[in-house]
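Okay, here's what each chain looks like letter by letter:
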Amino acid sequence: MAQFHLEMKVNGKPIALDIDPGLRLLDVLRDILHLTGTKEGCGEGECGACSVILDDELVDSCLILAPQAHGRGVITIEGLALNGELDPYQQAFLEVGAVQCGYCTPGMILAARVLLNHNPKPSKQDIAKAISGNLCRCTGYAKIVQGIEIAASLKETKAGVSRA
Amino acid sequence: MPEYNIIGKSVQRIDGPRKVSGEAQYAADLDIPGALCLKVLRSKVAHALLQGIDTREALKVPGVVGIFTHVDIPGINSYGIIVKDQPALTNRVRFKGDAIALVAAEDEASANKALRLIKVSLQDLSPIYDIREAMREDAPAIHETGNILSVYKVKKGDVESAFKQADVVIPGSYTTQRVEHCYIETEAGVAYMDNDMLVIKAGTQNPHYDRRDVARVLGLAMNKLRIIQTTTGGGFGGKLDISVQCFLGLAALKLGRPVKIAYDRQESFVATGKRHPFFIDYITAANREGKLLAVKVRIVGDTGAYASYGPATLLRAAVHATGPYEVPNVDIEAFCVYTNNPFSGAMRGFGTPQMAFACESQLDLVAQAVNISPLEIRRRNIFQKGSLTATQQKLDVSVGIGKTLEAAWEKALQVMPGLGDENK
């Protein structure tokens, strides 16, 4: 099969690769770029474990062909911490105990980030809607919602948080 | 109150930072250069004898390095936490999804192609899906020991006399469904040889038990095998059983090369344990004040093709059948039964949630019959300090459930102001 020349920015870094055009964005991130913080849970867009931010939008990277990301910017969970310092979303999830097995956590945190970029003061309902595409089997969601509320308040008080 | 450094403090989990940053490595995240991809050929029928497997065409697929079946198992081809009844690769199919062959290939596409080219000839046996059918004396035995795997009984007092003296005797039948754990991380792992030491890294809840069973199946001394639990993306009881461990060990040992396996969601659904479906017949006797006098309970748990944690689950079902209530006379029997359904094992609550559904439903019916509120009937029967359980354990230290009951009712009124009073 003819190779596809893929150029995209991943976590701010320009990437150029020749790939099989049938690869999913998830495969390129995990298997070629070794960004394994993005997880595969179902492979069919049900669970949201593979969520990444494509430009300004939360997407399931298992449902996006890698060539669809050509010329665009991708943010994965690895792109959030700056010089080893956790960002407010990560900090908030840790503080309230929103992390148990951790497998849904990267997707949840990215969903929170997209929400707060669009809506800095979300209600509980806004939060529930924003994470409705991300399944968690451990927490019962209460702590995750609380973590996102705290992230919103941290973000408000802490200047200089980078935008997706 | 004395000041402690942990108790009473909010302590951040030690694996938290790695999990929020994406650095935590789960089994499928492990990258071993040159690792072979493993795939499992699974049965599409529920009950059959294997007559032959022809792997010649499959072995010709470029990239295929090895194909293994039951004849390649070096040790004893059976494992299981309580009963060693589950083969790693089977020559007798007991459920739709039983593992028949293992393919090792350089890449996933070649492994999948080989799976399609393996020819399996089976002699069909009639499958038993219905648990009552499986319990009949003339039912074909799914395992040599027969279909009734275990029976646990809890008996106390004189139930029949209590039934005669009771003002109300309420019978009820309950069924509960099979449930998949659906941890977001599917089963995965890697294995490699470190000189003469076999190393298996996998998502699991049970590395020590895994080690015993893998050593048994592979005929290895325990000190030639390491099982290392990777960060595990949820288990809920479902990762207590062997899943990928024997496959990984077998291929790495036979081929001397690193190997990797990851189930997709469908394989995780098909191949792994479930919550036991229960069939419960429950008779409750009480006096006109709603004080419980006796229960007679028959529980049948469908453990499917293999025992897994079935006997322990049904034991827990038996001892929890009365719920957190005082019942002076009990006659409880719990049966764990094989069928050709997917196998059932441990899942959150371990048989107790199924019993709570039946027991609590019965209490509501008794409350209705003696015309008191559902809350009141629980107040009148709930365990207190000094209560005796169905197994004659005296609860003589601390029993908090009475307070919990009242607190739950207060909270219910708070969050649902339209609820009205408890007699409504």
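Residues numbered from 1 in each chain as written. Chains lettered and ligands numbered in written order. Predicted model: local features only at pLDDT ≥ 70, side-chain atom pairs only at ≥ 80, totals over all residues.

(A) Examining the overall build of chain A more closely. Each helix and strand in chain A was counted, giving five helices and five strands. Counting from the amino terminus, chain A carries its helices and strands in the arrangement β-β-α-β-β-β-α-α-α-α. A total of 164 residues make up chain A; the buried ones form 49% of that total. Contacts spanning at least 24 positions in sequence make up 59% of the contacts within chain A whose residues lie at least 6 apart. (Helix = DSSP H or I, 4+ residues; strand = E, 2+ residues; numbered from the N terminus. Buried ≥ 20, exposed ≤ 12 C-beta atoms within 10 Å, placed from the backbone. Contact = placed C-beta atoms within 7 Å.)

(B) Structural context of the overall build of chain B. Within chain B one finds 12 helices and 15 strands. Dimensions along the principal axes, computed over C-alpha positions, put chain B at roughly 75 × 65 × 40 Å. Each of the 424 residues in chain B was classed as buried or not, and the buried ones make up 46%. Counting contacts in chain B only where the partners sit at least 6 residues apart, residues at least 24 apart contribute 79% of the total.

(C) Broad picture of the interface of chain B and chain A. Listed per partner, the contact involves 24 residues of chain B and 27 residues of chain A. At five residues, the largest contribution of residues to the side of chain B that touches chain A is made by helix α1 (residues 16–21) of chain B. Each residue belonging to the side of chain B that touches chain A can be placed in one class, and the counts come to eight nonpolar, nine polar and seven charged. (Nonpolar A, V, L, I, M, F, W, Y, C, P; charged D, E, K, R; others polar.)

(D) Structural context of the pairing of strand β10 (residues 197–202) of chain B. Residue and element names in this part refer to chain B. Sheet topology note: the strand β9 (residues 188–194)/β10 ladder contains six bridges and is antiparallel. Looking at β10, one finds that Asp194 is bridged to Met197. In this structure, the hairpin formed by β9 and β10 is closed by a connection of two residues, where Asn195 is found at a positive phi of approximately 55 degrees. Direction of pairing for β10 relative to strand β11 (residues 225–229): parallel, over a ladder of five bridges. The residue of β11 that forms the bridge with Ile200 is Ile227. Each parallel crossover has a hand, and the one from β10 via helix α6 (residues 207–218) to β11 is right-handed. (Pairing = 2+ DSSP bridges. Right-handed = clockwise from strand over helix to strand, strands pointing away.)

(E) Structural context of helix α2 (residues 88–96) of chain A. The buried count for α2 of chain A comes to seven of nine residues, which makes it a mostly enclosed element. Looking at the residues trailing α2 of chain A, positive phi occurs at Gly97 of chain A, about 80 degrees.

(F) Fine view of the pairing of strand β1 (residues 36–42) of chain B. Residues and elements named next belong to chain B. Where burial is concerned, most of β1 is hidden: six out of the seven residues are buried. In this sheet, strand β12 (residues 259–262) lies alongside β1 in parallel orientation, the contact comprising two bridges. Within the sheet, the bridge partner assigned to Cys37 lies in β12 and is Lys260. Bridging between β1 and strand β5 (residues 99–105) involves six bridges; their strand directions are antiparallel. Bridge pairing in β5 links Cys37 to Ala105.

(G) Region of interest: helix α10 (residues 352–370) of chain B. All names here are of chain B. Taking 1.5 Å per residue as the helical rise, α10 with its 19 residues ought to reach 27 Å, and the 27 Å between its terminal C-alpha atoms agrees with that figure. Structurally, α10 contributes buried residues whose contacts are with β8 (168–175), β13 (278–286), α9 (310–319) and α11 (374–381). Asn371 sits one or two residues past α10 and shows a positive phi near 60 degrees. (Expected span 1.5 Å × (residues − 1).)

(H) A look at the packing of α10 of chain B against α11 of chain B. Residues and elements named next belong to chain B. One way to put it is that α10 packs onto α11 with a least axis distance of 9 Å and a crossing angle of 105 degrees. Here α10 lies roughly perpendicular to α11, going by the angle between them. Where α10 approaches α11, its residues Leu363, Asp364, Val366 and Ala367 are matched on the opposing element by Pro374, Ile377 and Arg378. The class makeup of the residues in the contact of α10 with α11 is five nonpolar, no polar and two charged. (Axes fitted to C-alpha atoms, helices over the stretch in contact; angles between N-to-C directions. Parallel < 35°, antiparallel > 145°, perpendicular 65-115°, else oblique.)

(I) Looking closely at the sheet that holds β8 of chain B. All names here are of chain B. An order of β7-β15-β14-β13-β8 is seen for the five strands of this open sheet, with the pairing classed as mixed. The sheet terminates laterally at β7 (148–156) and β8, the two strands that pair on one side only. Within the sheet, the average angular offset between the axes of one strand and its neighbour, ignoring direction, is 5 degrees.

(J) Fine view of the domain arrangement of chain A. All names here are of chain A. The domain boundaries assigned to chain A delineate domain 1 (4–79) and domain 2 (88–157). Distance between the C-alpha centres of domain 1 and domain 2: 21 Å. The partner domain 2 presents 12 residues to the 14 residues of domain 1 that form the contact. Within the residue set of the side of domain 1 that touches domain 2, elements represented by two or more residues are β3 (51–54) and β4 (57–60). With three residues, β3 is the largest single contributor of residues to the side of domain 1 that touches domain 2. Of the residues in the side of domain 1 that touches domain 2, the class split is seven nonpolar, five polar and two charged. (Domains from an automatic or database assignment.)

(K) Region of the structure containing the environment of Gln362 of chain B. Residues and elements named next belong to chain B. By the element assignment, Gln362 lies in helix α10. Note: C-alpha distance between Gln362 and Tyr282 (80 residues apart in sequence) is 7.7 Å. When near neighbours in sequence (up to four residues on either side) are disregarded, Gln362 contacts Ile170, Gly172, Tyr282 and Thr284.

(L) Inspection of the environment of Ala109 of chain B at higher detail. Looking at where Ala109 of chain B falls in the secondary structure, it is placed in helix α3 (residues 108–117). C-alpha separation for the pair Ala109 of chain B and Thr322 of chain B, spaced 213 residues apart in sequence, amounts to 53 Å.

(M) Focus on the nonpolar core. Residues and elements named next belong to chain B. With 117 residues, the main nonpolar core has Leu38, Leu102, Val103, Phe247, Leu248, Ala251 and Val259 as its most contacted residues. Phe247 has contacts with Leu38, Val40, Leu102 and Ile261, leaving out every residue within four places of it along the chain. Counting residues in hydrophobic clusters, the runner-up holds 47 residues, among them Ile131, Phe278, Tyr338 and Met355. (Core = buried A, V, L, I, M, F, W, Y, C linked by C-beta atoms within 7 Å.)

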